Amino acid sequence: SRPHSSRGAPTQHWPQAPLPFFAMGLKYGAAYMMAVLAGKEAPSAGDIQKILESVGAECDASSAEKLVAELEGKSVHEVVAAGKEKLKGFGGGGGGGGGGGGG
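In what follows, the accompanying structure is described. (Residues numbered from 1 in each chain as written. Predicted model: local features only at pLDDT ≥ 70, side-chain atom pairs only at ≥ 80, totals over all residues. Heavy atoms only, no water.)

Section: helix α2 (residues 26-37)
Next up, step 1: Across its 12 residues, α2 extends 16 Å between first and last C-alpha, which sits within 8% of the 16 Å expected from 1.5 Å per residue.
Next up, step 2: Within α2 the residues assigned to the buried category are Tyr 28, Gly 29, Ala 31, Tyr 32, Ala 35 and Val 36. Along the axis of α2, the buried positions cluster into a sector of 160°, meaning they face one direction only. Turned more than 90 degrees away from the buried face of α2, the exposed residues are Leu 26, Met 34 and Leu 37.
Next up, step 3: Count one or two residues on from α2 and you reach Gly 39, which has phi positive near 110°. (Helix = DSSP H or I, 4+ residues; strand = E, 2+ residues; numbered from the N terminus. Expected span 1.5 Å × (residues − 1). Buried < 20%, exposed > 50% of the residue type's maximum accessible area, 1.4 Å probe, protein only. Arc of directions from axis to C-beta.)

Here it is in structure tokens:
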């Protein structure tokens, strides 16, 4: 039987976050990936901070350091590929078609 919310509706079970990026907010993961795309094989917390501050975003140094530590020794490309594999089981539906125009 599926767990239910306090309103009696079935609860949605989201897959465990496949990437450490999601646990701390996407901006840290996005900045890390931007640094990788810019040629940094293993971005530092300072790289993340520099990118975030360049767009006026705040950067919590401990969050940036945690992300860097979690990804140490890992290829970001492999981490993303592993995350995509985990998400395959989640599925996803296409949106419905647009309504027809009246005349």
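Digging into the side chain of Ser 63
Next up, step 1: Mapped onto the elements, Ser 63 comes out in helix α4 (residues 61-71).
Next up, step 2: For Ser 63, a relative accessible area of 17% corresponds to the buried category.

Side note on the pattern of salt bridges
Next up, step 1: This model, assessed by the stated rule, comprises two salt bridges.
Next up, step 2: Between Glu 85 and Lys 88 there is a salt bridge whose closest N-O contact spans 2.9 Å. Within this pair, Glu 85 and its partner Lys 88 are both found in helix α5 (residues 76-88), separated by three residues, close to a single helical turn. (Salt bridge = Lys/Arg side-chain N within 4 Å of Asp/Glu carboxyl O.)

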